[in-house]
Every structure is written in C-alpha cells, then in structure tokens.
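Secondary and tertiary structure notes
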Amino acid sequence: MAKNSASFTCQNCGAVYNRWQGKCESCGEWNSIAEEGAVATGPGRAGRKGRVFALEPLTGETHDSPRLASGVPELDRVTGGGFVRGSVLLMAGDPGIGKSTLLIQAAAALARAGHRCLYISGEEAVAQVRLRADRLGLTDAAVELASETSVEDIIATASQGKTPRLIIIDSIQTMWTDAVESAPGTVTQVRGAAQALIRFAKRSGAAVILVGHVTKDGQIAGPRVVEHMVDAVLSFEGEGSHQFRILRAVKNRFGPTDEIGVFEMTGSGLREVPNPSELFLSERDLGSPGTVVFAGIEGTRPLLVEIQALVAPTSLGTPRRSVVGWDSSRLSMVLAVLEAHCGVKLGGHDVYLNVAGGLRIQEPAADLAAAAALVSSLAGASLPAEAVYFGEVSLSGAIRPVAQTPARLKEAAKLGFTRAFAPEGRGEAAGDSGLTLSAIGNLTDLVADIAASGRRAKGPRIARQDG
Ligand SMILES: Nc1ncnc2c1ncn2[C@@H]1O[C@H](COP(=O)(O)OP(=O)(O)OP(=O)(O)O)[C@@H](O)[C@H]1O
Ligand SMILES: [Mg+2]
C-alpha cells in the first residue's frame, strides 16, 4: 500500500515535490512551495473490495432539453446554446473586468424565467451583491443569495428543496472543503473544492459556474488541473480603457470554442453588442497612412476591425517590434516575407502594430491587412478608405485563400464598403454582395500598388530591390 506521506506543492503551478525547496523547477517561481497533507482521493476505505457497477450502451434515455438558455444571448453564443445540465463552467478574467456583473445578470435572467438560481459569493458580503443588483435594476429577480465559503455547506444547502438549475460560485479561490487540510486559496484546496462541486453538479444535474481569478501573466490562477476538470472554460477579456468586453470560450466540451460574445460595460451593467463591427470601426481615422480595415471572422460571425501600423526610423541598434492584439510571431513572419520577397527594407525601422478597440485577432487571414498597413505606413500612402483587406500570406509571398469569403464580403457591404482586396478565390466570387473584388495573387503586387500611390502622393520612400 502507498504511504500516505505529506507532499510539497507549488502554489503557483501545482507541481508536487517530496521535499521543500526554494524555487519551483516547473514554473520558476520562488518561495511558492508549501507543505500540504496528502490529497484525499475519495471516500475509499483501505482493503475495500470494488463494487460492481452497471455498464450502459451509447443509446438510451437522455434528458429532453439538456441546454438551458441563459437569457443573455451573447453568453449563449459563446457556450454553444446555453448551460448544459450537470456541467461545470469556469469563468476567468482580470480583476474588475465584470465577471460578477455578467453572472448576476445571467442569474437574474434565469430566475425571471422561473428557474431556481443560487449566487454564492465568497468574496463579497450579501449587502455588496445587493448593491450591485440594485444598480443593475435586478432586485425583482428571485435569485437566492449567500455569502459562504464552505463547499460542504453550499452543497448541503443546494441539495435542499428543488434542485437549482444554476449555481454561481464567486470565486473558486475563496472556497474550502473539509476533505483537505490546507489553507483556503492553496492549490490543494482549490482542486478539492472544485472536485466536490463537480461531483455535485454531475449528481444533481445543476449547472455550476465557477469564477476564477487570473494571475498577472494572464494564466488562470490555481492549478491548471481545474481547467481540465471542468467542462468549459470561458475567458472574459477587455482593455482597461475601453468600455467593451469580449467573452471567449477557451475550452468547451459541449460546443465550439471559436465564438466570441461582445459586451459593453455601462453604468447599468453589461449591455450586449449585437453588431460589433460598428463598434470596432466607430472611431476610425479614415485616410491616414498605416490604417486598414480587416474583414475577419470570429467563430461564425464576421467582424470588421481596424488594424493600425506605425513604421518609423529607429534610433536603437535593434529595432523595436511591438504588437498589440495580434500574434508577434505572425508579425515577424509578415515582416520577413516583405523583406525577402517584396524588397521592403525594415531593418532600420521600429514597427508598431495595433488592433483597434482592444480586440485580439487570432486568424491568419489578418496577414494581408497587417502587411498592407505596414507598407502603407512606411510609404506614407493612405489606403483606399472604402476597401477591406483579408488573406493569408504564405512564406513564398503568395496570398492564400481563406475560409468564409462570402460572409466577410457581405459584412463589409453592410457597413458601406465598396471594395475588397482578397486572395484569388477558389471560385467563390463576390457574389451578390455588390463589392468590387480586387484579387491579389502575391504580396509583391500589393506592395507595388501601395508604393506607386505613395510615390504619386509624396515621392519615393520605399527602397525597392530588383529581382
Ligand atoms: N457605478 C458604476 N458605473 C459604471 N460602471 C461600474 C459602476 N460600478 C462598477 N462598474 C464597473 O463594474 C466593474 C466591476 O465589475 P465586477 O465587480 O463584476 O468585476 P469582477 O470581474 O467581478 O471583479 P472582481 O475580480 O473584483 O470580482 C468595474 O470595473 C466597473 O467597470
Ligand atoms: Mg467579482
């Protein structure tokens, strides 16, 4: 039989050691290792013989409507159609981003629809939650509130009476369970509390939402293992200075992970933004060099965003490459392709790239737009204000077709754009969108176009090599 000895666990990443040490070799954090009792592994008794359980076929009785629409359509879009019965969802986000606000709004909407909803706050007193509900105008909703941190008490309370359809635990870091003997907030406690709540959700069929803190480098605090234990992980993001917030699914066992929900934070709570393109383009400074509109897709939803680039001569030995809202390795790739195949010399320039509005773009289709913005800034030539750009740049400089071209074009047409610079399609034409499609086969063509218009405007500024 294994010895039931104490172990030493890193409170930052959850790595386990059998002796104390100053630095965690797994995550590199200092002074994060603490002694913890062995994790309780369930109600097992020594020497107990295994119980025989029934195995079931794939076909069989299922619950008729396993999904529960939250009443907040943007939230439902991200979860894939609502909360699944018996599922556990982790909602992570920076401090003050609006996690509690969003969840109390969802709970109130469900309670108004006649479902039993519990809101358990481990961080705020009941009066504080009430104050927020009052500000949001939700006081008439029959949400059951409590300020509690003991998981056993919470489960006992939730098991009484009608099974709740939704239980919100704000936050999992404040919960503790009797099953383990470490202090609240430690990795073992978070894991133990999450385990107990997940068992309860599966048993009772209630949907449970755990709020999770995020560390300063953007990781969900506590052990990564909680992310594996739950059915879905949602991340609530936003730029401090901007009013809007983006909800994204990082993991989802019951739905897609590429949908985003867009909200705007107002004094009366989070307001849904049904047409985000208008939001991300509303402050557009048309016609200035280095500004381009990218026709993107987030999940199934087309989204137009502005990408801004600034290319300026550097005074440093190593020029700066700074990017906000996009992948820095993709920027390096686009810069390398511009340099190698299009003769655009950027070695002596600082490069800044920014996605306006605090959005984070992940799809490769933004390559062409980013390249256009960079060349436009370098050449001092503004791009046509009525045009959108999209396409993936390959290492050879060729522009590769991207998915969902018609949806991108349709959204652009809807917002008043009349032209699109896009890859030579796979037979997908502009269709009935009414846009003029300028097919771009190679990045060189685009650079030549922009450089020519820059020369017309200001005289030559791009150093071009032949061949
Ligand atoms: N009176 C108000 N008017 C407008 N916005 C407000 C008002 N009060 C709070 N807010 C907004 O609500 C945000 C706080 O929301 P909330 O408490 O839901 O965040 P949270 O993510 O739960 O934070 P924490 O991590 O501290 O639990 C604030 O950052 C602010 O933007
Ligand atoms: Mg909160």
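In the block above lies the structure referred to throughout.
All of these numbers come straight from a predicted model, not from anything done at the bench.

**Here's the deal with the overall build of the protein chain**
Helix and strand content of the protein chain: 11 helices and 23 strands. Evaluated residue by residue, the protein chain yields a buried proportion of 50% over its 467 residues. Within the protein chain, counting contacts between residues at least 6 apart in sequence, those at least 24 apart form 67% of the total. Accessible area for the protein chain stands at about 22,100 Å²; split by element, carbon and sulfur atoms hold 51% of it.

**Things to note about the site of ligand 1**
Neighbouring residues of ligand 1: 15 residues in total, closest Gly96, Lys99, Ser100, Thr101 and Arg132. Between glycine 98 and ligand 1, the recorded distance is 2.9 Å, taken from a backbone N or O atom to an oxygen atom. The contact in question runs from an oxygen atom of ligand 1 to an N or O atom on the side chain of threonine 101, over 2.5 Å. Elements supplying a minimum of two residues to the shell around ligand 1: α2 (99–112), α3 (126–136) and β13 (260–266). Per element, the largest residue contribution to the shell around ligand 1 is three residues, and it comes from α2.

**Here's the deal with the side chain of serine 87**
Structurally, the position occupied by serine 87 is in the loop between β5 (83–84) and β6 (88–93). Relative accessible area serves as the criterion here: at 7%, serine 87 is assigned to the buried category. In this view, serine 87 contacts Ala201, Lys202, Ala206, Ala207, Val208, Asp231 and Phe254; residues no more than four positions away in its chain are not counted.

**Here we look at the sheet that holds strand β8 (residues 144–147)**
Read from one edge to the other, the open sheet built from nine strands follows the order β8-β7-β9-β10-β6-β11-β12-β13-β14, with strand pairing classed as mixed. Of all the strands in the sheet, just β8 and β14 (269–272) have a single pairing partner and so form its edges. The sheet shows a mean angle of 25 degrees between the axes of neighbouring strands, direction not considered. Pairing between strand β7 (residues 117–121) and β8: four bridges, direction parallel. Residue pairing in the sheet places tyrosine 119 in a bridge with leucine 145 of β8. The strands touched by α3 are β7, β8 and β14; relative to β8, the strand with the most contacts, the crossing angle is about 140 degrees. Of the strands in this sheet, β6, β9 (166–170) and β10 (207–213) are in contact with helix α5 (residues 187–204), which crosses β10 at around 160 degrees.

**Considering the packing of aromatic side chains**
Applying the stated criterion across every chain, the model contains two aromatic pairs. Plain terms: the ring middles of phenylalanine 236 and phenylalanine 263 are 6.0 Å apart, the flat faces sit at 80 degrees to each other, and that makes the pair edge-to-face. In this pair, phenylalanine 236 sits in strand β11 (residues 232–238) while phenylalanine 263 sits in strand β13, placing the two residues 27 residues apart along the sequence. With relative accessibility at 1%, the residue phenylalanine 263 sits in the buried group.

**Notes on the sheet that holds strand β23 (residues 436–440)**
One open sheet holds the seven strands; their spatial order is β17-β18-β16-β15-β19-β22-β23, and the pairing between them is mixed. The sheet is open, and its two borders are formed by β17 (321–324) and β23, each paired with just one other strand. Averaged over all pairs of adjacent strands, the angle between their axes in this sheet comes to 30 degrees, without regard to strand direction. In this sheet, strand β22 (residues 419–423) lies alongside strand β19 (residues 387–389) in parallel orientation, the contact comprising three bridges. Paired with valine 388 across the bridge in β22 is alanine 420. Here helix α10 (residues 405–414) sits on the sheet and contacts β15 (291–298), β16 (301–313), β19, β22 and β23; the angle it forms with β15, its principal contact strand, is near 130 degrees.

**Overview of unusual backbone geometry**
Backbone torsion omega between aspartate 170 and serine 171 reads 5 degrees, so that peptide bond is classified as cis. Mapping serine 171 onto the fold places it in the loop between β9 and α5. Positive phi, close to 55 degrees, is recorded for asparagine 31, a residue that is not glycine. The residue asparagine 31 is located in the loop between β2 (16–17) and β3 (33–36) in this model. Here the phi dihedral of glutamine 404 falls at roughly 55 degrees; this positive angle occurs in a residue that is not glycine. Assignment of secondary structure puts glutamine 404 in the loop between β21 (399–400) and α10.

**Considerations on the pattern of salt bridges**
All chains considered together, the criterion is met by 16 salt bridges. As a salt-bridge pair, arginine 400 and glutamate 392 come within 3.9 Å of each other at their nearest N and O atoms. Classification of arginine 400 as partly exposed rests on a relative accessible area of 44%. Through salt bridges that share partners, Glu74, Arg77, Glu259 and Arg301 make up one connected network.

**Some points on α2**
Since there are 3.6 residues in each turn of an α-helix, residues three or four apart along the chain are aligned in direction. Here α2 is 14 residues long and its end C-alpha atoms lie 20 Å apart, about the 20 Å a rise of 1.5 Å per residue gives. Burial analysis of α2 places 12 of its 14 residues in the buried class, which makes it a mostly covered element. Regarding α2, the residues found buried are Lys99, Ser100, Thr101, Leu102, Leu103, Ile104, Gln105, Ala106, Ala107, Ala108, Leu110 and Ala111. Glycine 114, located one to two residues past α2, shows a positive phi value of around 95 degrees.

Definitions and limits used
Residues numbered from 1 in each chain as written. Chains lettered and ligands numbered in written order. Predicted model: local features only at pLDDT ≥ 70, side-chain atom pairs only at ≥ 80, totals over all residues. Heavy atoms only, no water. Helix = DSSP H or I, 4+ residues; strand = E, 2+ residues; numbered from the N terminus. Buried < 20%, exposed > 50% of the residue type's maximum accessible area, 1.4 Å probe, protein only. Contact = heavy atoms within 4.5 Å. Areas by Shrake-Rupley, 256 points an atom, 1.4 Å probe, with all protein chains shown as cover. Near = heavy atom within 4 Å. Polar contact = N/O pair within 3.5 Å; in protein donor to acceptor, adjacent residues only side chain to side chain. Pairing = 2+ DSSP bridges. Axes fitted to C-alpha atoms, helices over the stretch in contact; angles between N-to-C directions. Phe/Tyr/Trp six-rings, centres within 6.5 Å; stacked < 30°, edge-to-face > 60°. Salt bridge = Lys/Arg side-chain N within 4 Å of Asp/Glu carboxyl O. Expected span 1.5 Å × (residues − 1).

Purely spatial values, then, with no claim about function.
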